[in-house]
Amino acid sequence: MQFPPLAPEVAQPLPVNAVVPDQDLQVTVVIPVRNEEDNIDALLGGLGGALNGLRAEILFVDDSDDETAAAIARSASDCPVAVKLLTRPLGQRRGGLSGAVIAGARHATGDWVLVMDGDLQHPPQAAAGLVAAALRHDSDIVVGTRYAGAGTAGDGLHGPLRSLVSGASTRLAKTVFPRRLAMVSDPLSGLFAFRRTAVDLDRLNPLGFKILLEILVRHPGARVAEASYRFEPRYAGQTKATLRQGLAFARHLARLRKARLAGQLRQRPSGRRATWLALARMAGFGAVGASGIVVNTAALWFCFHTLGIHHLLAAALATQCSTTWNFLLIDALVYRGRGQGTFGGRAVRFYLMNNLLLLGRLPVLQLLIVWGMGLLTANAVTLVALFLLRFLISDRVIYGSGAEKTRDPVHLLVDLAAPREPRECAEPAASDDHVHAVRKHSRYLAYRYDVAGLVRIGSQILLPELEFFRAQWTGEHDLDITVRVGHIGGRSPRRRAEMTERPGPTVINYEEHLGRAGANFRIDLGDPIAIEVGPLLARSPHVVYTNILEALLRFVMVSRGRMLLHSACVEIDGVGVMLSALTDTGKTGTVLRLLREHGGRFLSDDMTVIDPDGTAHCFPKPLTISSHTLRAVNADDLTRKEWRHLQLQSRLHSKSGRSFAVALSRFNLPIMGINALTQRLVPPPKYTADRLVRCTFAPTAHVRELFVIERGAPKLADLDREHALEQMLTNTDDAYGFPPFRYLAPTITIGGHGYQELRAMEREILASFLSNVRTRVLASDTFGWADQIPALIHDAQVGEGSVPVPQLAAVAGGEGEPQRQRTQAWPRWVVAEPGSSRSAA
């Protein structure tokens, strides 16, 4: 086709071929070119095939003085992707390559903007893989890196001098911006993608080639992931890198550092005041802590010398006294009640912090005593040594506002350059209490499970959550998921946790800070799905199941037409009743009371397997007893030792404890390792339903009533199907809020279905299930759902409607006495419109 001449004043890109782009584009590929005539044909030929299947367009920004525009016109006619051209005439090429990228980004219409060079040093397949990674993951910027994973830069840098200069420039940039570029291995890359809505183009003022560095520094809150690739030699033509460009980079770096510093001061106009306030809080915290050491020492002396208690137990008791003293003074005087959550919630988190630190302090205390130091002196030394850590956790986690956007603590790398390796037989770890069958070089799976007749699992680790489904007769060749123990990760510690995804078929590696001693795992999403966990995780099977296995089990279920729904289910008087709620609302306590006070059969407490036709299948995981669930547990059902342990366990593994752990996960800490150690030292309080209350298990039930229970002013409302669907999905997602699900989930591909496709299938299953069920919202401010649900079910059975009989006259505006009283403590109901979350009491 004949390429139309462009006037200098043209400011809009013009279509070059006849392909009409989709209205809802996923990506606009911006390619700045200058005298790349000989590369265009090969570039468009490669990109056309690589982008096939994506809703994409290609936008060239041409600063050329040769026939590059004509070459684009010739080659675009055979390209299956829409191609556009924006020409910048001589005199309007402000900013060089960086300016060309910004000009193209301003005209982009895709959700994402992919930037790549026009000389084929960025391979089209790598560019397409980077786009696919961007569309999968919850990131704002995805950087193509030559310096992580299997990425390499050697072939494309034409000799050792350019390699030396490139490496030195990268190290210099990371030195100048150590925090912002901490998780970016290649901040000078020319291959990258950014979410169009996440980057403010008006904030950019680039100089030279390094536009990515400008974007990263001027958007410090952006979430960054990386994708490795092999930097190839130029296909044709000469490099544009010169000494002048090197000097421009140095000026750009200095200007960015100055602008970033000025921006930080503008964002905090009272920067000095904020620093002084932080120092004042630290001083106040230290003063209270000093008084707390006096309290702790006095309590330790009394417990040890007067009561004769063992010195380590005496130190633990003294810690409880000083923790109470410190918390009351710190909350009232240092922070003056200003902190996250309620007074009680802050207290629980403060006690949790001090007792977790106590677990690390006691061995040091014992060591100092063995070395000859006196008990009181050694105790004071260990307390002082932890002062700074206690202050930072208190100031940033317990009392921090939580409003600021925190940087991702996990480095996410999609290793596009990695060759596909065959599955290896890693050497298992030594056996312990939970890994009975693991021997050196053994691959035998000692524990087999057949979950609801749908998914078969083999494991070297005993999985208490799946004990109901034990099926030792299951053959190893019939398994869908395997769990083995091995040595995962490098031997050396690392600065931060990293999730690495290797596509085709997907292999996921998660490694934390402590090298092979950390809470590491590997997942190979082949057939069968192979999970391999490090020794630390193997000693905490609850973490293996909850944080890794259940996320996979959820989507394997979906691929087989079922859904693992976050809900509880019982059968009362032959009626299937399901309860749904956000985590730690009160499902478990309600289930226990329904079974104890109203009989019935038990199906599930935390997760339920559902069919599209409204059938629920038994999934009886052990019940976790949180602090608010204790009211539904009879002490007579447990031994004295179990009851005593339950007082501590229920608080540590309650909503406050989990909230504290989630808050810690925002920081650069080995959070899965901390979780595994905590659960090893203080196991979660888990009991089977028939251990806590006399009941029988039902294999299936046809669900007719679904109650979304909430805390708050009493309310009863029918929930329409669409609102019910969204609420149930929200409640289910809430159960997967702990790391590393956010990084793991987008990588999941099962049966050829990607994560988003699996989510859509899950939604269809749930929608079909809800079409057979009546859904209502039931709110209570007294944990009284178990008092109300049986009466509501009875009313529905006898055709009395959803309004409780005792309130019929009141709701209707009459003054007569209720016809009959079903319970002595019936709350005042508010009957809301379907889908409404408001009450009108």
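First things first, this report covers the structure right here in the doc.

**Remarks on the side chain of D480**
On the secondary structure map, D480 appears in the loop between strand 11 (455–459) and strand 12 (481–485). Engagement of the side chain of D480 in a polar contact is seen with the side chain of R560, the distance being 2.9 Å.

**A short note on the nonpolar core**
Core analysis: the largest hydrophobic core is formed by 123 residues, its most contacted members being I58 and F60. For this core, the leading source of residues is helix 14 (residues 541–559), giving 12 residues. The residues touching F60, leaving out its near neighbours within four places in the chain, are I31, V33, I40, L43, L44, I72, V83, K84, L85 and L86. Among the nonpolar cores identified, the runner-up in size contains 35 residues, and L59, F177, L204 and V217 belong to it.

**As for the packing of helix 15 (residues 587–598) against helix 23 (residues 785–797)**
Between helix 15 and helix 23, the shortest axis-to-axis distance is 9 Å and the interhelical angle comes to 60°. As far as their axial angle goes, helix 23 and helix 15 are oblique. Where helix 15 crosses over helix 23, the two elements pack in a sense that is right-handed. Residue-level contacts link T590, R593, L594, E597 and H598 of helix 15 to W785, A786, D787, I789 and P790 of helix 23.

**Quick notes on empty space enclosed by the protein**
Inspection of every chain in the model, using the stated rule, returns four cavities of 30 Å³ or more. Taken together, 15 residues line the largest cavity, and the ones lying closest to its centre are S322, N326, N354, L383 and R390. Among the elements of the structure, helix 8 (271–306), helix 9 (311–334) and helix 10 (343–370) are those that each provide at least two residues to the lining of the largest cavity. Considering only residue class, the lining of the largest cavity consists of five nonpolar, eight polar and two charged.

**Comments concerning a nonpolar patch on the surface**
A cluster of nonpolar residues, L161, L164 and V165, forms a patch on the protein surface that exposes about 320 Å² of accessible area. The topology assignment puts V165 in helix 5 (residues 160–176). For V165, a relative accessible area of 47% translates into the label partly exposed.

**Remarks on the pattern of salt bridges**
Tallied over the entire structure, the rule returns 42 salt bridges. Between D415 and R502 there is a salt bridge, and its shortest N-O distance comes to 3.7 Å. Within this pair, whereas D415 is found in strand 9 (residues 410–415), its partner R502 is found in strand 13 (residues 497–502), the two being separated by 87 residues in sequence. Classification of D415 by relative accessible area gives buried; the value is 2%. Judged by its relative accessible area of 30%, R502 is partly exposed. One salt bridge in this structure joins R562 and D611, with 2.4 Å as the shortest N-O distance. Taken together, the residues R562 in the loop between helix 14 and strand 17 (563–566) and D611 in the loop between strand 21 (607–610) and strand 22 (615–617) connect sequence positions 49 residues apart. Judged by relative accessible area, D611 falls into the buried class, the value being 10%. Linked through salt bridges whose partners overlap, the residues forming this network are D138, D140, R195 and R223.

**Some words on the packing of helix 1 (residues 40–50) against helix 2 (residues 68–76)**
Relative placement of two packed helices is described by the angle separating their axes and the distance separating the axes. Close contact between helix 1 and helix 2 brings their axes to 9 Å; oriented N to C, the two are set at 40°. Note that helix 1 runs across helix 2; the crossing there is right-handed. Note on element contacts: helix 2 touches helix 1 through T68, A71, I72, S75 and A76, opposite I40, D41 and L44. Residue composition of the contact of helix 1 with helix 2, by class: five nonpolar, two polar and one charged.

**Quick look at the packing of aromatic side chains**
What the rule picks out here adds up to 15 aromatic pairs. Geometrically, the ring pair formed by F285 and F387 is tilted, given 6.0 Å between the ring centres and 50° between the ring planes. Here F285 is found in helix 8, whereas its partner F387 is found in helix 12 (residues 387–398), with 102 residues between them in sequence. Members of the aromatic cluster, each reached through a chain of ring pairs, are F468, F469, F602, F619 and F697.

**Re the pairing of strand 19 (residues 575–580)**
Consecutive residues of a regular strand have side chains that alternate between opposite faces of the sheet. Counted residue by residue, strand 19 has six buried out of six residues, so it is predominantly covered. Of the two faces of strand 19, both are covered, the one formed by V575, V577 and L579 as well as the one formed by G576, M578 and S580. Pairing of strand 18 (residues 568–572) with strand 19, which is carried by five bridges, proceeds in the antiparallel orientation. Note on strand 19: the bridge partner recorded for A568 is L579. Counting the residues that bridge the hairpin from strand 18 to strand 19 gives two residues, and of these D573 lies at a positive phi of roughly 55°. Relative to strand 26 (residues 700–711), strand 19 runs parallel, the two being bridged by five bridges. The residue bridging S580 from the neighbouring strand is V708, located in strand 26.

**Description of the side chain of H219**
Turning to its location among the elements, H219 is positioned in the loop between helix 6 (211–218) and strand 8 (224–228). Judged by its relative accessible area of 5%, H219 falls in the buried class.

**Some points on helix 2**
Across the nine residues that make up helix 2, a large majority, seven, are buried. Looking at the buried residues of helix 2, the elements they touch are strand 2 (27–33), helix 1, strand 3 (56–62) and strand 4 (82–87).

**Here's the deal with the pairing of strand 12**
Of all five residues making up strand 12, five are buried, and the element is well covered by its neighbours. For strand 11 and strand 12, the ladder comprises three bridges, and the chain directions are parallel. Residue pairing across strands places G458 opposite T482, the latter belonging to strand 12. One ladder, built from five bridges, connects strand 12 with strand 16 (residues 529–533); its direction is parallel. Paired with T482 across the two strands is A530, which belongs to strand 16.

**What to know about helix 23**
The terminal C-alpha atoms of helix 23, which comprises 13 residues, lie 18 Å apart, in line with the 18 Å expected from a rise of 1.5 Å per residue. Within the span of helix 23, buried status applies to W785, A786, Q788, I789, P790, A791, L792, I793 and D795. Those residues of helix 23 that are buried are in contact with strand 19, helix 15, strand 26, strand 27 (715–718) and strand 28 (774–780).

**Digging into the environment of T583**
Structurally, T583 is set in the loop between strand 19 and helix 15. On the accessibility criterion, T583 (25% relative accessible area) is partly exposed.

**Focus on unusual backbone geometry**
Excluding glycine, residues mostly carry a negative phi; peptide bonds, for their part, are mostly trans. A cis geometry characterises the amide bond from D527 onward to P528, with omega recorded as 5°. Position of P528 relative to the elements: it lies in the loop between strand 15 (521–524) and strand 16. Even without a glycine there, the phi angle at N35 is positive, about 55°. The residue N35 is located in the loop between strand 2 and helix 1 in this model.

**Some details on the environment of A745**
Note on placement: A745 falls in the loop between helix 21 (741–744) and helix 22 (755–770). Overall, the relative accessible area of 1% leaves A745 in the buried class. A745 sits 11 residues away from Q756 along the chain, and the two C-alpha atoms are 9.5 Å apart.

Rules and cut-offs
- Residues numbered from 1 in each chain as written.
- Predicted model: local features only at pLDDT ≥ 70, side-chain atom pairs only at ≥ 80, totals over all residues.
- Heavy atoms only, no water.
- Helix = DSSP H or I, 4+ residues; strand = E, 2+ residues; numbered from the N terminus.
- Polar contact = N/O pair within 3.5 Å; in protein donor to acceptor, adjacent residues only side chain to side chain.
- Core = buried A, V, L, I, M, F, W, Y, C linked by side-chain atoms within 4.5 Å.
- Buried < 20%, exposed > 50% of the residue type's maximum accessible area, 1.4 Å probe, protein only.
- Contact = heavy atoms within 4.5 Å.
- Axes fitted to C-alpha atoms, helices over the stretch in contact; angles between N-to-C directions.
- Parallel < 35°, antiparallel > 145°, perpendicular 65-115°, else oblique.
- Left-handed = near helix turned anticlockwise from the far one by under 90°.
- 1 Å grid on protein atoms, 1.4 Å probe; cavity = no way out; pocket = protein on both sides within 12 Å on 5 of 7 lines; lining within 4 Å.
- Points joined across faces, edges and corners; volume = space filled by probe spheres on them.
- Nonpolar A, V, L, I, M, F, W, Y, C, P; charged D, E, K, R; others polar.
- Patch = residues over 30% accessible without salt bridge, like charges linked within 9 Å, V, L, I, M, F, W, Y side chains within 5 Å.
- Areas by Shrake-Rupley, 256 points an atom, 1.4 Å probe, with all protein chains shown as cover.
- Salt bridge = Lys/Arg side-chain N within 4 Å of Asp/Glu carboxyl O.
- Phe/Tyr/Trp six-rings, centres within 6.5 Å; stacked < 30°, edge-to-face > 60°.
- Pairing = 2+ DSSP bridges.
- Expected span 1.5 Å × (residues − 1).

The analysis is restricted to geometry; functional conclusions fall outside its scope.
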